[in-house]
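# Commentary on secondary and tertiary structure
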Amino acid sequence: MWEFFVAVSLHIGSLVGYDFNEVHPHVRYTTEDSYIAGAYYNSERNVSLYGGYDFGNVELGLVTG
């Protein structure tokens, strides 16, 4: 199943003067077996890819850059 999310973040204690991106559009595919893979626009304004597993209340995975 394909899903689309938008997350908002607040960078507490971040470097003074550094302008982090605070809006993160995110697309994800979830298999019937609860494996997940997706991409999102990260805080440094780059695209990050990830893959992992959804345990229900917790997701565990690896993310690029």
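Now for a description of the structure that goes with this document. Keep in mind that this is a model prediction, so the values were computed, not measured. (Residues numbered from 1 in each chain as written. Predicted model: local features only at pLDDT ≥ 70, side-chain atom pairs only at ≥ 80, totals over all residues. Heavy atoms only, no water.)

## Brief notes about the pairing of strand S2 (residues 23-30)
In the case of a regular strand, side chains alternate between the two sheet surfaces. Burial along S2 is one-sided: His24, His26, Arg28 and Thr30 are buried, while Val23, Pro25, Val27 and Tyr29, pointing the other way, are not. As paired strands, strand S1 (residues 2-8) and S2 are joined by seven bridges and run antiparallel to one another. Residue pairing for S2: Val6 is matched across the bridge by Pro25. When S2 meets strand S3 (residues 35-41), the two strands line up antiparallel, connected through five bridges. (Buried < 20%, exposed > 50% of the residue type's maximum accessible area, 1.4 Å probe, protein only. Helix = DSSP H or I, 4+ residues; strand = E, 2+ residues; numbered from the N terminus. Pairing = 2+ DSSP bridges.)

## A look at the pairing of strand S4 (residues 47-54)
Pairing of S3 with S4 involves seven bridges; the strand directions are antiparallel. Note that in S4 the partner of Tyr40 across the bridge is Ser48. Connecting the antiparallel pair S3 and S4 is a turn made up of five residues, with Arg45 showing a positive phi of about 65°. Pairing of S4 with strand S5 (residues 59-63) involves five bridges; the strand directions are antiparallel. Residue pairing for S5: Gly52 is matched across the bridge by Gly61. Following S4, the chain reverses through four residues before pairing antiparallel with S5; Gly56 in that reversal takes a positive phi of roughly 115°.

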